[in-house]
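# Per-entry structural report
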Amino acid sequence: MTTYSDHLPSLDHQPYQHLFKPGFVHRRLYIDEDIFQQELLYLYGRTWLYIAHESEIANPNDFITRRVGGRPLIISRHATGSIHAFFNRCTHRGAIVCREPRGNTKGFICGYHAWTFNITGECTSVPRRQGYGKSFNLAQASLQPVARLESYRGFIFASYSKDVPSLTEHLGAAARLIDQWLDRGEKEPVVVQNGAMPFLVNANWKTIYDNAGDGYHPPFSHESMLKVFSNRYGDVDMNYYGSDFDKSPMYSKNLGNGHTFLDQRPEMHKLSAWKRQHVMPGYEVMENALIEKYGEARALSMLNASTGSGMNLNIFPNLLIIGNQIQMPEPLAANKTQLTWFATSREGVPEEINAIRMRMQEDFPSFGEVDDSANFEACQEGMASIPEMAWIDIRRHQDTKVGALDPADQLWREPMSSDLHMRTYWQRWQALMNTGATRTLVEAGVA
Ligand code: FES
Ligand SMILES: [Fe+2]
């Protein structure tokens, strides 16, 4: 399989090599502000990043602003339907041009000296322009677009470096899983809801990425949540985690390029995804209404497709597809990350289905995520405060020899609780950080 790393220069420069040893990574990778700044430049600066979903800018002249990999962006849709992404940074004196989170507009006026830009970022006017003389060229004052911009089935990705392979090649095996996530049920288009649930975590972004592929922690970290479900509703939702998850058909898989996949579907959807759900407000009323309208078989099929996807699809470094939701970790500092959960709905489904989806999506950020966040911050505190203890353990199932190629797709898989995810993405991290990156960016005038 060709991996993205094949496109990188040879490993001629390895300043971080001493921070890795088999099965362990050094705490400095999580706490060092210099390394964090290097990550923003070389890692976030040289790979595809998820920036938005097309449904967030559904209409002509819609825009959103968002920081991705530290860089403030404007992401917009032109009247013709074309999608654009450019740095939200005035070409004049560097001010943030648009200070609104979203809206619909024909253009942007910088608040400082009123340089004006249209929805695609072109500079359309500069007040008292004669003061710049005859050689001044409006086109050269346009907002700077990202180097590469591509969508995969509604997911918009950007790269700040033009030297990256196609998005499809970057996604590799993850693309097929995005397809599976989108094509559940009757394949109605997925809509990302405007407004989301952002919160600050006092932890490094990789602590959050670690957890996204950690199938070891749920029965312990989320014990209280699982107990509430089982005490009230019996054998529902994620209770399969209570058994020996290493014997479970659930698995962790290396998709290449730092992307990984945890598949809970063999348990979650084993009998009926819907029947496995715990009770929620309005559950019976909505179920009955659907049966009445569509008959039992079709209603059950719709309900099965409304439940959590049973997928944790981790697309390195900043797109986490979890259940029916999309999560974006945005690095703010070595010890600070903004984590945003985006709820999704489906276009053209009965309103009961979207109501059910929303009730389910309230579950985890509100209930389970507090467990995870407490762990993220506890890890950060422990790693940062004890120099005598340097190493972080990522050995689980490294030496048990239970991993195997999945005959269906020739991808490597290990039990659900493996640290395969971490070992996978750290390789990608090193490929991006340990290469001739410095030289490349100096040549590009960035560093
Ligand atoms: S900084 Fe934007 S117009 Fe001066
Ligand atoms: Fe968790």
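Residues numbered from 1 in each chain as written. Chains lettered and ligands numbered in written order. Predicted model: local features only at pLDDT ≥ 70, side-chain atom pairs only at ≥ 80, totals over all residues.

## Structural notes on the overall build of the protein chain
Here is the rule: Helix and strand definitions here come from DSSP, where helices need a minimum of 4 consecutive H or I residues and strands a minimum of 2 consecutive E residues; each element is numbered from the N-terminal end. C-alpha atoms define the radius of gyration in this analysis, and the globule rule sets the expected value at 2.2 Å times the number of residues to the power 0.38. The exposure label follows from counting other C-beta atoms within 10 Å of a residue's C-beta, where the C-beta atoms are placed from the backbone and the thresholds are 20 or more for buried and 12 or fewer for exposed, leaving partly exposed in between. Here, residue contact means that the backbone-derived C-beta atoms of the two residues sit within 7 Å.
Helix and strand counts for the protein chain come out as 13 helices and 24 strands. In terms of overall size, the protein chain behaves like a compact globule, its C-alpha atoms giving a radius of gyration of 23 Å where 447 residues would be expected to give roughly 22 Å. Dimensions of the protein chain, computed from C-alpha atoms along their principal axes, come out at roughly 75 × 60 × 40 Å. Taken across its 447 residues, the protein chain has 40% of its residues classed as buried. If you take every contact in the protein chain between residues at least 6 apart in sequence, the share linking residues at least 24 apart comes to 65%.

## A closer look at the packing of helix α2 (residues 33-43) against helix α12 (residues 420-433)
When two helices pack together, you describe them by how their axes are tilted relative to each other and by the distance separating the axes. Heads up, the condition is: Axis definition: a line fitted to C-alpha atoms, over the contacting stretch in the case of helices. Angles run 0 to 180 degrees between N-to-C directions. Between 65 and 115 degrees an angle is taken as roughly perpendicular, under 35 as roughly parallel, over 145 as roughly antiparallel, and anywhere else as oblique. Each residue is assigned to one of three groups, with Ala, Val, Leu, Ile, Met, Phe, Trp, Tyr, Cys and Pro labelled nonpolar, Asp, Glu, Lys and Arg labelled charged, and all others, Gly among them, labelled polar.
Two elements in contact, α2 and α12, have axes separated by 9 Å at closest approach and are oriented at 80°. The orientation of α2 relative to α12 falls into the category roughly perpendicular. In this structure, α2 contributes Gln38, Tyr42 and Leu43 to the contact, and α12 contributes Trp429, Leu432 and Met433. Its residues assigned to classes, the contact of α2 with α12 shows five nonpolar, one polar and no charged.

## Considerations on the packing of helix α5 (residues 205-212) against helix α11 (residues 351-385)
Short version of the rule: For any pair of crossing helices, the crossing counts as left-handed if the nearer helix is rotated counterclockwise from the farther one by less than a right angle, and right-handed if it is rotated clockwise.
Between α5 and α11, whose axes approach to 10 Å, the crossing angle comes to 130°. As summarised for this structure, α5 and α11 are arranged oblique, according to the angle between their axes. Two packed elements cross with a definite hand, and for α5 against α11 that hand is right-handed. Taken together, the residues of α11 that come into contact with α5 (itself represented by Thr207, Ile208 and Asn211) are Asp372, Phe376, Cys379 and Gln380. Tallied by class, residues from the contact of α5 with α11 come to three nonpolar, three polar and one charged.

## Notes on the domain arrangement of the protein chain
For the record, the criterion: In this entry, domain limits derive from an automatic or database-based domain assignment.
Each assigned domain of the protein chain is listed here: domain 1 (4-47 + 176-439) and domain 2 (55-151). When each unit is reduced to the centre of its C-alpha atoms, the spacing between domain 1 and domain 2 is 33 Å. Taken together, the eight residues of domain 1 in the interface contact seven residues of domain 2. Those elements giving two or more residues to the side of domain 1 that touches domain 2 turn out to be β13 (190-192) and β19 (325-333). Looking at the side of domain 1 that touches domain 2, its residues break down into five nonpolar, two polar and one charged.

## Focus: the confidence of the model for the protein chain
What counts here: A residue's pLDDT is the predictor's confidence in that residue, given on a scale from 0 to 100.
Taken residue by residue, the protein chain gives an average pLDDT of 91. The fraction at 70 or more is 94%. Segment residues 1-6: pLDDT under 50, and eight contacts once partners within four positions in sequence are set aside and those in other chains are kept.

## Section: the pairing of strand β24 (residues 412-415)
To be explicit about the condition: DSSP-based pairing: two strands are paired if at least 2 bridges between them are found.
Of the strand pairs in this sheet, strand β15 (residues 251-256) and β24 are connected by three bridges, and their pairing is antiparallel. Bridging across to β24, Lys253 finds its partner in Arg413. One ladder, built from two bridges, connects strand β23 (residues 404-405) with β24; its direction is antiparallel. Across the sheet, residue Leu405 finds its bridge partner in β24, namely Trp412. In sequence, β23 turns back onto β24 through a hairpin of six residues, with Gln410 there showing a positive phi of about 60°.

## Regarding unusual backbone geometry
Cis geometry marks the peptide bond from Phe316 to Pro317, where omega comes out at 5°. Tracing the backbone through its elements, the reader meets Pro317 in the loop between β17 (311-315) and β18 (319-322). A positive phi angle, close to 60°, is found at Lys187, a residue other than glycine. With respect to the helices and strands, Lys187 occurs in the loop between α4 (173-182) and β13. Residue classification places Lys187 among the exposed positions, given that 11 C-beta atoms sit within 10 Å. Even without a glycine there, the phi angle at Lys401 is positive, about 60°. Structurally, the position occupied by Lys401 is in the loop between β22 (391-393) and β23. For Lys401, a count of 7 C-beta atoms within 10 Å corresponds to the exposed category.

## Details of the pairing of strand β20 (residues 336-342)
In terms of strand pairing, strand β14 (residues 197-201) meets β20 through five bridges, oriented antiparallel. By the bridge assignment, Leu200 is partnered in β20 with Gln338. Direction of pairing for β19 relative to β20: antiparallel, over a ladder of seven bridges. Its bridge partner lying in β20, Ile326 is registered against Phe342. From the end of β19 to the start of β20, which pair antiparallel, there are two residues.

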